[in-house]
Amino acid sequence: FIFQHIGKAGGGSIDAWMAEHDVMNHSKTCHPFSCLDPSMTGEHVLINIRDPVDRFVSAFDWARVRYCAPSDTRQHGRGKFPWYSHDKYCEEDQAIKQNLFLKYHQDANLLAAELCSKNAKVKKSALKFLHDVLRHGYTVQSRLGAKSLS
């Protein structure tokens, strides 16, 4: 079967469980890009989903760990495996640092408020930041290889 890992939806926990129970030998994990194709037939697919608000907060919180704060003492750069060594390394991205630490003050609620803003410029800026934080800006639809679910 194929495990289509949707980012910030608990896929790391599912991966760990499958590895612990030797399920990985019988599956293919797709992350961060989709490996699903509309022409595929006969494949069993496991997809993890999560409440959208929880996923949003998880992505924001992960960015606080992943990216370098203005006074960060960790080594800047990705290191060999940054996702396993976030205690030693942080990623340097000036635009994300500016927004995450100075504009939103590490508070997901401030970003959420701007995403709901009636001011188109404010909302567009917040959407761009969210896209950048999610790295590839993936929605569940894009992970499934669909342009829209409607």
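Calculation criteria
Residues numbered from 1 in each chain as written. Predicted model: local features only at pLDDT ≥ 70, side-chain atom pairs only at ≥ 80, totals over all residues. Heavy atoms only, no water. Helix = DSSP H or I, 4+ residues; strand = E, 2+ residues; numbered from the N terminus. Buried < 20%, exposed > 50% of the residue type's maximum accessible area, 1.4 Å probe, protein only. Contact = heavy atoms within 4.5 Å. Areas by Shrake-Rupley, 256 points an atom, 1.4 Å probe, with all protein chains shown as cover. Patch = residues over 30% accessible without salt bridge, like charges linked within 9 Å, V, L, I, M, F, W, Y side chains within 5 Å. Salt bridge = Lys/Arg side-chain N within 4 Å of Asp/Glu carboxyl O. Disulfide = S-S within 2.5 Å. Pairing = 2+ DSSP bridges. Axes fitted to C-alpha atoms, helices over the stretch in contact; angles between N-to-C directions. Phe/Tyr/Trp six-rings, centres within 6.5 Å; stacked < 30°, edge-to-face > 60°.

Caption draft 1: Up close: the overall build of the protein. Helices and strands together make up the secondary structure of the protein, namely six helices and five strands. Taking all 150 residues of the protein together, the buried fraction comes to 30%. For the protein, the proportion of contacts with a sequence separation of at least 24, taken over those separated by at least 6, is 63%. If you sum the accessible surface of the protein, you get close to 9,700 Å²; carbon and sulfur atoms cover 56% of it.

Caption draft 2: Focus on a nonpolar patch on the surface. On the surface, a cluster of nonpolar side chains totalling about 270 Å² of accessible area is made up of Val45, Ile47 and Ile49. Mapped onto the elements of the fold, Val45 is located in strand β3 (residues 45-47).

Caption draft 3: Spatial organisation of the state of the cysteines. Applying the stated criterion across every chain yields a total of one disulfide. The partner cysteine of Cys68 in its disulfide is Cys90, sulfur to sulfur 2.0 Å. Handedness here is read from the sign of the S-S torsion; for Cys68 and Cys90, about 100 degrees, the answer is right-handed. Highlighted residues: Cys68 in the loop between α2 (52-66) and β4 (75-76) and Cys90 in strand β5 (residues 89-90), separated in sequence by 22 residues. Note on accessibility: Cys68 and Cys90 belong to one class, buried.

Caption draft 4: Summary view of the pattern of salt bridges. In total, this model carries six salt bridges according to the counting rule given. A salt bridge links Arg66 to Glu91; the shortest N-O distance between them is 2.6 Å. One end of the pair, Arg66, is in helix α2; the other, Glu91, is in the loop between β5 and α3 (94-103), and 25 residues separate them in sequence. Judged by relative accessible area, Glu91 falls into the buried class, the value being 9%. The residue Asp132 makes a salt bridge to Lys128 at a minimum N-O spacing of 2.8 Å.

Caption draft 5: Representation of the sheet that holds strand β1 (residues 2-4). Strand order across the open sheet formed by three strands is β2-β1-β3, with parallel pairing between neighbours. The sheet terminates laterally at β2 (28-30) and β3, the two strands that pair on one side only. Going across the sheet, the axis of each strand differs from the next one's by a mean of 20 degrees, ignoring polarity. Where β1 meets β2, three bridges bridge the pair, whose relative direction is parallel. What sits directly across from Phe3, in β2, is Thr29. Against the sheet, helix α1 (residues 11-20) contacts β1, β2 and β3, and its axis sits at roughly 155 degrees relative to β1.

Caption draft 6: Up close: the packing of aromatic side chains. Across all of its chains, the model carries two aromatic pairs by this definition. Here Phe60 and Phe129 contribute two aromatic rings whose centre-to-centre distance is 6.5 Å and whose plane-to-plane angle is 70 degrees, an arrangement assigned as edge-to-face. Pair noted here: Phe60 is in helix α2 and Phe129 is in helix α5 (residues 120-133), with a separation of 69 residues, a long-range link. The class of Phe129 is buried, set by a relative accessible area of 3%. Relative to Phe129, the ring of Tyr104 lies with its centre 5.3 Å away and its plane at 45 degrees, an arrangement referred to as tilted. In this pair, Tyr104 sits in the loop between α3 and α4 (108-115) while Phe129 sits in helix α5, placing the two residues 25 residues apart along the sequence. Note on Tyr104: relative accessible area 1%, which makes it buried. An aromatic cluster is defined as three or more aromatic residues linked by ring pairs; in this entry it consists of Phe60, Tyr104 and Phe129.

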